[in-house]
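# Residue-level structure breakdown
Below are the chains, spelled out letter by letter.
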Amino acid sequence: MLDTLKQPKRGVVSPVSREQYVDAFNWMLLARTVEEKLASLWRAGKISGGVYLGKGQEAISAALGIMLKSGDIFGPLIRDQAGRLAFGESLIDVFRVHFGSRTSLSRGRDGNVHRGNPRGGYHAMISHLGSLISVVAGALVARRFQGDTTAIGATTIGDGGTSTGAFHEAINMAAVEKLPLVVVVVNNQYAYSTPNSRQFACSDLVERATGYGVEGHSLDGTDLQECLEVLGQATQRARSGHGPQMVVGDCLRLTGHGEHDDASYMDKTLSQTRLGRDCLKIAENYLQERHWADHVLLEDWRKNAKEQVENAVADAQHEPLADPAMETWCPYATKRIASAVLVR
Ligand SMILES: Cc1ncc(C[n+]2csc(CCOP(=O)(O)OP(=O)(O)O)c2C)c(N)n1
Ligand SMILES: [Mg+2]
(Lines give C-alpha, C1' and ligand atoms only; values in the text may rest on other atoms or scores of the structure.)
(Ligands and ions follow the chains in the order given, each with its own letter.)
Protein backbone atom coordinates (compact mmCIF):
# COMPACT_ATOMS: atom_id res chain seq x y z
CA MET A 1 0.00 0.00 0.00
CA LEU A 2 2.72 2.43 1.00
CA ASP A 3 4.62 1.70 -2.16
CA THR A 4 1.62 2.68 -4.25
CA LEU A 5 1.16 5.82 -2.21
CA LYS A 6 4.73 6.85 -2.83
CA GLN A 7 4.38 6.52 -6.58
CA PRO A 8 3.56 9.74 -8.38
CA LYS A 9 0.19 9.43 -10.08
CA ARG A 10 1.33 8.87 -13.63
CA GLY A 11 -1.45 9.48 -16.11
CA VAL A 12 -0.19 11.13 -19.22
CA VAL A 13 3.32 12.34 -18.49
CA SER A 14 4.57 14.66 -21.18
CA PRO A 15 8.18 13.94 -22.03
CA VAL A 16 10.50 16.70 -20.91
CA SER A 17 11.82 18.56 -23.93
CA ARG A 18 15.32 20.00 -24.27
CA GLU A 19 13.79 23.45 -24.33
CA GLN A 20 12.00 22.97 -21.02
CA TYR A 21 14.99 21.34 -19.34
CA VAL A 22 17.37 24.07 -20.50
CA ASP A 23 14.92 26.75 -19.38
CA ALA A 24 14.64 25.24 -15.89
CA PHE A 25 18.40 24.66 -15.70
CA ASN A 26 19.12 28.28 -16.46
CA TRP A 27 16.78 29.46 -13.68
CA MET A 28 18.60 27.09 -11.31
CA LEU A 29 21.95 28.43 -12.43
CA LEU A 30 20.82 32.04 -12.09
CA ALA A 31 19.38 31.37 -8.61
CA ARG A 32 22.63 29.72 -7.47
CA THR A 33 24.63 32.65 -8.85
CA VAL A 34 22.32 35.15 -7.12
CA GLU A 35 22.61 33.30 -3.83
CA GLU A 36 26.39 32.99 -3.95
CA LYS A 37 26.46 36.77 -4.41
CA LEU A 38 23.98 37.32 -1.55
CA ALA A 39 26.10 35.16 0.74
CA SER A 40 29.23 37.11 -0.09
CA LEU A 41 27.44 40.47 0.36
CA TRP A 42 26.12 39.27 3.72
CA ARG A 43 29.63 38.24 4.84
CA ALA A 44 30.88 41.66 3.78
CA GLY A 45 28.26 43.30 5.99
CA LYS A 46 26.41 44.83 3.05
CA ILE A 47 23.06 43.23 3.88
CA SER A 48 21.29 43.71 7.17
CA GLY A 49 19.10 40.95 8.57
CA GLY A 50 19.37 37.31 7.64
CA VAL A 51 20.18 35.68 4.32
CA TYR A 52 18.55 32.30 3.65
CA LEU A 53 19.54 30.21 0.70
CA GLY A 54 17.99 27.39 -1.32
CA LYS A 55 21.20 25.53 -2.23
CA GLY A 56 20.24 21.96 -3.14
CA GLN A 57 16.57 22.83 -3.70
CA GLU A 58 16.84 24.72 -6.97
CA ALA A 59 15.58 21.86 -9.17
CA ILE A 60 12.28 21.57 -7.29
CA SER A 61 11.83 25.32 -7.10
CA ALA A 62 12.69 26.08 -10.74
CA ALA A 63 10.49 23.22 -12.00
CA LEU A 64 7.55 24.56 -9.99
CA GLY A 65 8.15 28.12 -11.18
CA ILE A 66 8.17 27.22 -14.86
CA MET A 67 4.98 25.17 -14.56
CA LEU A 68 3.07 28.28 -13.44
CA LYS A 69 1.51 30.50 -16.06
CA SER A 70 0.71 34.17 -16.19
CA GLY A 71 -2.38 34.73 -14.02
CA ASP A 72 -1.49 31.92 -11.60
CA ILE A 73 -0.79 32.51 -7.92
CA PHE A 74 2.54 31.77 -6.27
CA GLY A 75 3.52 31.88 -2.61
CA PRO A 76 7.26 31.10 -2.41
CA LEU A 77 9.27 30.53 0.77
CA ILE A 78 12.82 31.40 1.76
CA ARG A 79 14.47 28.68 -0.36
CA ASP A 80 12.60 29.49 -3.57
CA GLN A 81 14.89 31.92 -5.33
CA ALA A 82 14.83 29.74 -8.46
CA GLY A 83 11.03 29.59 -8.51
CA ARG A 84 10.73 33.32 -7.85
CA LEU A 85 12.92 34.10 -10.87
CA ALA A 86 11.09 31.61 -13.08
CA PHE A 87 7.77 33.12 -12.00
CA GLY A 88 8.97 36.55 -13.10
CA GLU A 89 10.78 38.27 -10.23
CA SER A 90 13.41 40.53 -11.74
CA LEU A 91 17.03 40.34 -10.65
CA ILE A 92 17.13 43.98 -9.66
CA ASP A 93 14.17 43.40 -7.34
CA VAL A 94 16.09 40.62 -5.57
CA PHE A 95 18.95 42.97 -4.76
CA ARG A 96 16.79 46.02 -4.08
CA VAL A 97 14.97 44.13 -1.35
CA HIS A 98 18.21 42.88 0.21
CA PHE A 99 19.73 46.38 0.22
CA GLY A 100 16.55 47.97 1.64
CA SER A 101 16.19 50.23 -1.37
CA ARG A 102 13.35 52.74 -1.56
CA THR A 103 12.03 51.17 -4.73
CA SER A 104 12.22 47.59 -3.47
CA LEU A 105 9.10 45.44 -3.41
CA SER A 106 8.70 46.02 0.33
CA ARG A 107 10.03 49.62 0.32
CA GLY A 108 12.64 48.59 2.89
CA ARG A 109 9.93 48.04 5.47
CA ASP A 110 10.20 44.31 5.93
CA GLY A 111 12.83 41.60 5.96
CA ASN A 112 14.07 40.45 2.58
CA VAL A 113 12.19 37.13 2.70
CA HIS A 114 8.79 38.83 3.14
CA ARG A 115 8.69 40.24 -0.35
CA GLY A 116 6.04 39.95 -3.00
CA ASN A 117 3.50 41.70 -5.13
CA PRO A 118 0.16 40.20 -4.12
CA ARG A 119 -1.77 42.14 -6.77
CA GLY A 120 0.30 40.33 -9.37
CA GLY A 121 -0.42 36.94 -7.81
CA TYR A 122 3.04 36.87 -6.22
CA HIS A 123 2.45 36.54 -2.51
CA ALA A 124 4.67 37.86 0.24
CA MET A 125 5.69 35.22 2.74
CA ILE A 126 4.16 35.68 6.19
CA SER A 127 5.94 32.87 7.97
CA HIS A 128 8.01 29.92 6.85
CA LEU A 129 5.89 27.62 8.99
CA GLY A 130 2.63 27.06 7.14
CA SER A 131 0.64 30.28 7.18
CA LEU A 132 1.24 31.02 3.50
CA ILE A 133 -0.80 28.01 2.42
CA SER A 134 -4.06 29.54 3.63
CA VAL A 135 -3.09 32.85 2.00
CA VAL A 136 -2.69 31.16 -1.40
CA ALA A 137 -5.82 29.08 -0.80
CA GLY A 138 -7.74 32.26 0.11
CA ALA A 139 -6.49 33.96 -3.06
CA LEU A 140 -7.83 30.98 -5.04
CA VAL A 141 -11.23 31.27 -3.34
CA ALA A 142 -11.25 34.99 -4.26
CA ARG A 143 -10.50 34.08 -7.88
CA ARG A 144 -13.34 31.59 -7.78
CA PHE A 145 -15.72 34.33 -6.62
CA GLN A 146 -14.48 36.44 -9.53
CA GLY A 147 -15.36 33.64 -11.96
CA ASP A 148 -11.74 32.79 -12.79
CA THR A 149 -11.68 29.09 -13.64
CA THR A 150 -8.20 28.91 -15.10
CA ALA A 151 -5.76 30.00 -12.39
CA ILE A 152 -4.01 27.58 -10.11
CA GLY A 153 -2.05 28.39 -6.96
CA ALA A 154 1.20 26.95 -5.69
CA THR A 155 3.25 27.24 -2.57
CA THR A 156 6.03 25.37 -0.82
CA ILE A 157 6.58 24.20 2.73
CA GLY A 158 9.45 22.54 4.54
CA ASP A 159 9.39 19.16 6.31
CA GLY A 160 9.25 21.00 9.65
CA GLY A 161 6.41 23.24 8.50
CA THR A 162 4.19 20.20 7.83
CA SER A 163 3.96 19.57 11.59
CA THR A 164 2.23 22.86 12.33
CA GLY A 165 -1.44 23.53 12.93
CA ALA A 166 -1.39 26.15 10.16
CA PHE A 167 -0.38 23.48 7.63
CA HIS A 168 -3.10 21.09 8.78
CA GLU A 169 -5.90 23.65 8.76
CA ALA A 170 -4.97 25.08 5.38
CA ILE A 171 -4.59 21.83 3.49
CA ASN A 172 -7.72 20.39 5.07
CA MET A 173 -9.79 23.40 4.00
CA ALA A 174 -8.24 23.44 0.52
CA ALA A 175 -9.23 19.77 0.13
CA VAL A 176 -12.80 20.44 1.29
CA GLU A 177 -13.03 23.32 -1.21
CA LYS A 178 -11.31 21.23 -3.92
CA LEU A 179 -9.06 24.16 -4.73
CA PRO A 180 -6.59 24.03 -7.63
CA LEU A 181 -3.68 24.26 -5.22
CA VAL A 182 -0.28 22.61 -5.47
CA VAL A 183 1.55 22.30 -2.15
CA VAL A 184 5.16 21.30 -2.59
CA VAL A 185 6.70 19.81 0.54
CA VAL A 186 10.46 20.08 0.33
CA ASN A 187 11.88 17.51 2.67
CA ASN A 188 15.45 18.68 3.08
CA GLN A 189 15.82 16.45 6.16
CA TYR A 190 16.13 19.26 8.71
CA ALA A 191 13.98 21.95 10.29
CA TYR A 192 16.72 24.29 11.42
CA SER A 193 18.72 21.83 13.58
CA THR A 194 15.92 19.26 14.07
CA PRO A 195 16.31 16.10 11.95
CA ASN A 196 13.34 14.24 10.39
CA SER A 197 13.52 11.58 13.13
CA ARG A 198 12.50 14.19 15.74
CA GLN A 199 9.83 15.81 13.56
CA PHE A 200 7.37 13.14 12.45
CA ALA A 201 6.70 9.43 12.92
CA CYS A 202 5.29 8.43 9.52
CA SER A 203 7.75 6.80 7.17
CA ASP A 204 7.14 9.25 4.32
CA LEU A 205 5.37 12.61 4.41
CA VAL A 206 3.44 11.76 1.25
CA GLU A 207 1.40 9.31 3.35
CA ARG A 208 -0.32 12.35 4.81
CA ALA A 209 -1.95 13.23 1.48
CA THR A 210 -4.43 10.36 1.78
CA GLY A 211 -5.49 11.53 5.24
CA TYR A 212 -6.35 14.95 3.85
CA GLY A 213 -8.10 13.51 0.79
CA VAL A 214 -5.66 15.06 -1.64
CA GLU A 215 -3.53 13.48 -4.33
CA GLY A 216 0.05 12.75 -3.31
CA HIS A 217 3.16 12.61 -5.48
CA SER A 218 6.80 11.96 -4.66
CA LEU A 219 9.92 13.07 -6.41
CA ASP A 220 13.68 13.01 -6.12
CA GLY A 221 14.53 16.67 -5.61
CA THR A 222 18.09 16.16 -6.84
CA ASP A 223 16.88 15.13 -10.30
CA LEU A 224 15.59 17.98 -12.46
CA GLN A 225 14.09 15.59 -15.02
CA GLU A 226 11.92 14.00 -12.35
CA CYS A 227 10.99 17.38 -10.84
CA LEU A 228 9.78 18.57 -14.25
CA GLU A 229 7.82 15.39 -14.92
CA VAL A 230 6.12 15.17 -11.54
CA LEU A 231 5.46 18.87 -11.06
CA GLY A 232 4.26 19.07 -14.67
CA GLN A 233 1.74 16.40 -13.90
CA ALA A 234 0.69 17.76 -10.50
CA THR A 235 0.09 21.27 -11.88
CA GLN A 236 -1.81 19.76 -14.80
CA ARG A 237 -4.05 17.78 -12.45
CA ALA A 238 -4.73 20.86 -10.32
CA ARG A 239 -5.57 22.78 -13.51
CA SER A 240 -7.97 20.13 -14.72
CA GLY A 241 -10.18 19.95 -11.63
CA HIS A 242 -8.57 17.23 -9.50
CA GLY A 243 -8.26 19.45 -6.43
CA PRO A 244 -5.20 20.02 -4.27
CA GLN A 245 -2.01 18.19 -5.07
CA MET A 246 0.64 17.48 -2.47
CA VAL A 247 4.09 16.86 -3.91
CA VAL A 248 6.84 15.67 -1.60
CA GLY A 249 10.37 16.25 -2.87
CA ASP A 250 13.33 14.70 -1.07
CA CYS A 251 16.70 16.39 -0.96
CA LEU A 252 19.25 17.70 1.53
CA ARG A 253 19.75 21.29 2.65
CA LEU A 254 23.25 21.93 1.28
CA THR A 255 23.79 24.95 3.49
CA GLY A 256 23.01 26.20 6.97
CA HIS A 257 19.50 27.26 7.91
CA GLY A 258 20.70 30.78 7.16
CA GLU A 259 24.12 32.24 6.47
CA HIS A 260 24.59 32.77 10.22
CA ASP A 261 24.37 29.00 10.81
CA ASP A 262 27.34 26.68 10.17
CA ALA A 263 25.10 23.55 10.19
CA SER A 264 27.64 21.71 12.34
CA TYR A 265 24.79 19.63 13.82
CA MET A 266 23.97 17.97 10.48
CA ASP A 267 24.67 14.28 9.97
CA LYS A 268 27.75 14.32 7.70
CA THR A 269 26.97 10.87 6.25
CA LEU A 270 23.84 12.21 4.57
CA SER A 271 25.90 14.16 2.09
CA GLN A 272 27.34 10.86 0.82
CA THR A 273 23.89 9.52 -0.04
CA ARG A 274 21.69 10.16 -3.07
CA LEU A 275 19.92 12.88 -1.08
CA GLY A 276 23.16 14.82 -0.78
CA ARG A 277 23.72 15.14 -4.51
CA ASP A 278 23.91 18.69 -5.84
CA CYS A 279 20.97 19.06 -8.24
CA LEU A 280 22.84 21.65 -10.30
CA LYS A 281 25.78 19.30 -10.94
CA ILE A 282 23.41 16.41 -11.73
CA ALA A 283 21.56 18.61 -14.22
CA GLU A 284 24.83 19.69 -15.87
CA ASN A 285 25.84 16.05 -16.30
CA TYR A 286 22.43 15.20 -17.72
CA LEU A 287 22.68 18.04 -20.27
CA GLN A 288 26.07 16.78 -21.41
CA GLU A 289 25.09 13.11 -21.51
CA ARG A 290 22.11 13.91 -23.71
CA HIS A 291 24.21 16.25 -25.87
CA TRP A 292 21.81 19.07 -25.00
CA ALA A 293 24.77 21.24 -23.98
CA ASP A 294 28.55 20.91 -24.03
CA HIS A 295 31.06 22.45 -21.65
CA VAL A 296 31.50 25.51 -23.87
CA LEU A 297 27.79 26.30 -23.80
CA LEU A 298 27.63 25.62 -20.06
CA GLU A 299 30.50 28.04 -19.48
CA ASP A 300 28.71 30.60 -21.61
CA TRP A 301 25.56 30.26 -19.50
CA ARG A 302 27.58 30.60 -16.27
CA LYS A 303 29.27 33.74 -17.57
CA ASN A 304 25.98 35.19 -18.63
CA ALA A 305 24.38 34.51 -15.23
CA LYS A 306 27.33 36.15 -13.47
CA GLU A 307 27.16 39.22 -15.67
CA GLN A 308 23.43 39.65 -15.11
CA VAL A 309 23.90 39.36 -11.35
CA GLU A 310 26.83 41.80 -11.21
CA ASN A 311 24.88 44.36 -13.27
CA ALA A 312 21.81 44.03 -11.03
CA VAL A 313 23.93 44.47 -7.89
CA ALA A 314 25.67 47.54 -9.32
CA ASP A 315 22.34 49.13 -10.29
CA ALA A 316 20.61 48.33 -6.99
CA GLN A 317 23.55 49.61 -4.95
CA HIS A 318 23.18 53.06 -6.48
CA GLU A 319 19.57 53.45 -5.40
CA PRO A 320 18.54 55.53 -2.39
CA LEU A 321 17.67 53.68 0.79
CA ALA A 322 14.14 53.66 2.16
CA ASP A 323 13.31 56.14 4.89
CA PRO A 324 11.56 54.15 7.64
CA ALA A 325 9.82 57.27 8.92
CA MET A 326 8.23 57.97 5.56
CA GLU A 327 7.39 54.58 4.08
CA THR A 328 4.01 53.05 4.89
CA TRP A 329 4.01 50.02 2.60
CA CYS A 330 2.09 46.91 3.69
CA PRO A 331 1.86 43.89 1.39
CA TYR A 332 -1.85 43.31 1.89
CA ALA A 333 -3.13 46.86 2.41
CA THR A 334 -6.07 47.67 0.15
CA LYS A 335 -5.70 51.41 0.53
CA ARG A 336 -2.55 53.45 0.64
CA ILE A 337 -2.80 55.85 3.49
CA ALA A 338 0.33 57.95 3.41
CA SER A 339 1.27 60.73 1.12
CA ALA A 340 4.87 59.64 0.91
CA VAL A 341 4.29 56.30 -0.79
CA LEU A 342 6.31 55.67 -3.90
CA VAL A 343 4.35 54.21 -6.75
CA ARG A 344 6.53 52.22 -9.09
C1 LIG B 1 6.62 30.09 15.23
C2 LIG B 1 8.05 30.02 14.74
N3 LIG B 1 8.94 29.21 15.37
C4 LIG B 1 10.20 29.14 14.94
C5 LIG B 1 10.60 29.88 13.85
C6 LIG B 1 12.04 29.80 13.38
N7 LIG B 1 12.11 28.96 12.17
C8 LIG B 1 12.00 29.51 10.97
S9 LIG B 1 12.13 28.38 9.76
C10 LIG B 1 12.34 27.12 10.89
C11 LIG B 1 12.55 25.70 10.45
C12 LIG B 1 11.75 25.35 9.27
O13 LIG B 1 12.07 24.06 8.84
P14 LIG B 1 11.41 23.45 7.57
O15 LIG B 1 9.95 23.69 7.59
O16 LIG B 1 11.87 22.06 7.43
O17 LIG B 1 11.98 24.38 6.38
P18 LIG B 1 13.49 24.55 5.88
O19 LIG B 1 14.07 25.66 6.71
O20 LIG B 1 14.18 23.28 6.06
O21 LIG B 1 13.35 24.96 4.45
C22 LIG B 1 12.30 27.60 12.17
C23 LIG B 1 12.44 26.79 13.38
C24 LIG B 1 9.64 30.69 13.21
N25 LIG B 1 9.95 31.40 12.14
N26 LIG B 1 8.39 30.74 13.67
MG1 LIG C 1 13.44 21.33 6.29
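In what follows, the accompanying structure is described. The structure displayed is predicted, hence computed values, not measured ones. (Residues numbered from 1 in each chain as written. Chains lettered and ligands numbered in written order. Predicted model: local features only at pLDDT ≥ 70, side-chain atom pairs only at ≥ 80, totals over all residues.)

## Concerning the site of ligand 1
Inclusion rule: For each residue, a C-beta position is placed from the backbone atoms; the residue is near a molecule or strand when that point lies within 6 Å of it. The nonpolar class holds Ala, Val, Leu, Ile, Met, Phe, Trp, Tyr, Cys and Pro. Asp, Glu, Lys and Arg form the charged class, and all remaining residues, Gly among them, are polar.
Near ligand 1 lie 14 residues; those nearest to it are His-128, Gly-158, Gly-160, Gly-161 and Ala-191. Across the shell around ligand 1, the residue classes break down as four nonpolar, seven polar and three charged.

## Re the sheet that holds strand β6 (residues 215–220)
Hydrogen bonds along the backbone pair up the strands of a sheet, which may run parallel or antiparallel. Here is the rule: Any two strands between which DSSP finds at least two bridges are classified as paired. For helices the rule is a DSSP run of H or I covering at least 4 residues; for strands it is a run of E covering at least 2, with both sets numbered from the N terminus onward. To get an axis, a line is fitted to the C-alpha atoms, and for a helix only the part in contact is used. The angle between two axes follows their N-to-C directions and goes from 0 to 180 degrees.
Strands sit in the order β1-β2-β3-β7-β6 across an open sheet of five strands; the sheet is parallel. Of all strands in the sheet, those with a lone pairing partner are β1 (73–75) and β6, marking the two edges. Here the strands of the sheet are splayed against their neighbours by 20° on average, with no regard to which way each runs. In terms of strand pairing, β1 meets strand β2 (residues 153–158) through three bridges, oriented parallel. Bridging across to β2, Ile-73 finds its partner in Gly-153.

## A word on the environment of Asp-204
Stated formally: Neighbour density around each residue's C-beta defines its exposure: 20 or more other C-beta atoms within 10 Å make it buried, 12 or fewer make it exposed, and counts between make it partly exposed, where C-beta atoms are placed from the backbone.
Mapped onto the secondary structure, Asp-204 falls in the loop between β5 (194–195) and α8 (207–212). Residue class for Asp-204 comes out partly exposed when judged on the 15 C-beta atoms lying within 10 Å of it. Separated by 44 residues in sequence, Asp-204 and Val-248 have C-alpha atoms that sit 8.7 Å apart.

## A word on the pairing of β2
Going by this rule: A crossover gets the label right-handed when its path from the first strand over the helix to the second runs clockwise, viewed with the strands pointing away from the viewer.
With six of six residues buried, β2 lies mostly within the body of the structure. Burial of the side chains of β2 extends over both faces: Gly-153, Thr-155 and Ile-157 are buried on one face and Ala-154, Thr-156 and Gly-158 on the other. In terms of handedness, the path from β2 via helix α7 (residues 165–176) over to strand β3 (residues 181–187) forms a crossover that is right-handed.

## Some words on the pairing of strand β7 (residues 245–250)
Burial analysis of β7 places six of its six residues in the buried class, the great majority of the element. Along β7, one buried face is formed by Gln-245, Val-247 and Gly-249 and the opposite face, lined by Met-246, Val-248 and Asp-250, is buried too. Sheet topology note: the β3/β7 ladder contains six bridges and is parallel. Bridge pairing in β7 places Val-182 opposite Gln-245. Examined bridge by bridge, β6 and β7 share six bridges and lie parallel to one another. By the bridge assignment for β7, Gly-216 is matched with Met-246. Note that the unit made of β6, helix α9 (residues 224–239) and β7 has a crossover that is right-handed.

## Looking at α9
What sets the pattern is the α-helix's 3.6 residues per turn: residues three or four places apart point alike. Quick note on the threshold: Every helix has an expected span of 1.5 Å times one less than the residues it contains. Contact definition: two residues whose C-beta atoms, as placed from backbone geometry, lie within 7 Å.
For α9, with 16 residues, the first-to-last C-alpha span of 22 Å sits near the 22 Å given by 1.5 Å per residue. By the criterion of burial, α9 is predominantly enclosed, with twelve of the 16 residues buried. Among all positions of α9, only Leu-224, Gln-225, Cys-227, Leu-228, Glu-229, Val-230, Leu-231, Gln-233, Ala-234, Thr-235, Arg-237 and Ala-238 are buried. Those residues of α9 that are buried are in contact with α2 (18–43), α3 (58–67), β3, β6, β7 and α10 (279–289). Once α9 ends, the next one or two residues include Gly-241, with phi positive near 90°.

Without other data, these values stay purely geometric and don't point to any function.
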